[in-house]
Amino acid sequence: MSFIDKAKNAAEDALGKAKEVVGDVTDNKNLEAEGKKDQGSAGVKKVGENIKDTFK
């Protein structure tokens, strides 16, 4: 996994966590769900990159 991909995935995960917290604090369920979705997406990308690294 390249450094840039790792940074992008970490940023997406951090943004998702922030959205989830803000959504929880403001009782905005849509924002909270969007944050969880962003975190899940970042996790899937990380797994995909790890699989590619395994087969290099």
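Since the structure is predicted, the reported quantities are computational estimates derived from the model, not experimental observations.

Enquirer: Sorry if this is basic, but what is going on with the environment of D13 here?
Expert: For D13, the position within the fold is in helix α1 (residues 3-25). Along the primary structure D13 and D27 are separated by 14 residues, whereas in three dimensions their C-alpha atoms are 21 Å apart. Apart from residues lying up to four places away in sequence, D13 is in contact with Q39 and A42.

Enquirer: What exactly am I supposed to notice about the packing of α1 against helix α2 (residues 29-54) here?
Expert: When two helices pack together, you describe them by how their axes are tilted relative to each other and by the distance separating the axes. Remark: α1 packs on α2, axes separated minimally by 7 Å, with the N-to-C direction vectors making an angle of 160°. Between α1 and α2, the crossing angle belongs to the class labelled roughly antiparallel. As for the relative orientation of α1 and α2, their crossing is left-handed in sense. Residues D5, N9, E12, D13, G16, K17, K19, E20, V22, G23 and D24 of α1 form the contact with α2, whose own contacting residues are L31, E32, E34, G35, K36, D38, Q39, S41, A42, K45, K46 and E49. Taken together, the residues of the contact of α1 with α2 break down into 3 nonpolar, 6 polar and 14 charged.

The rules behind each value
- The written sequence of each chain sets the order in which its residues are numbered from 1.
- Residues qualify for local features only when their pLDDT is at least 70, as the model is predicted, and side-chain atom pairs are given and counted only at 80 or more; totals for whole chains, interfaces and linings, by contrast, use all residues.
- Neither water nor hydrogens contribute to the side-chain values; these are computed over all heavy atoms in the structure.
- Every helix listed is a DSSP run of H or I at least four residues long, and every strand listed is a run of E at least two residues long, numbered separately from the N terminus.
- Contacts: residue pairs with any heavy atoms within 4.5 Å of one another.
- All axes are obtained by fitting lines to C-alpha atoms, using only the stretch in contact for helices, and the reported angles, taken between N-to-C directions, cover 0 to 180 degrees.
- To sort the angles, those under 35 degrees are grouped as roughly parallel, those over 145 as roughly antiparallel, those from 65 to 115 as roughly perpendicular, and the leftovers as oblique.
- Each crossing is labelled by how the near helix is turned from the far one, with a counterclockwise turn of less than a right angle marking it left-handed and a clockwise turn marking it right-handed.
- The residue classification treats Ala, Val, Leu, Ile, Met, Phe, Trp, Tyr, Cys and Pro as nonpolar and Asp, Glu, Lys and Arg as charged. All others, Gly included, are polar.

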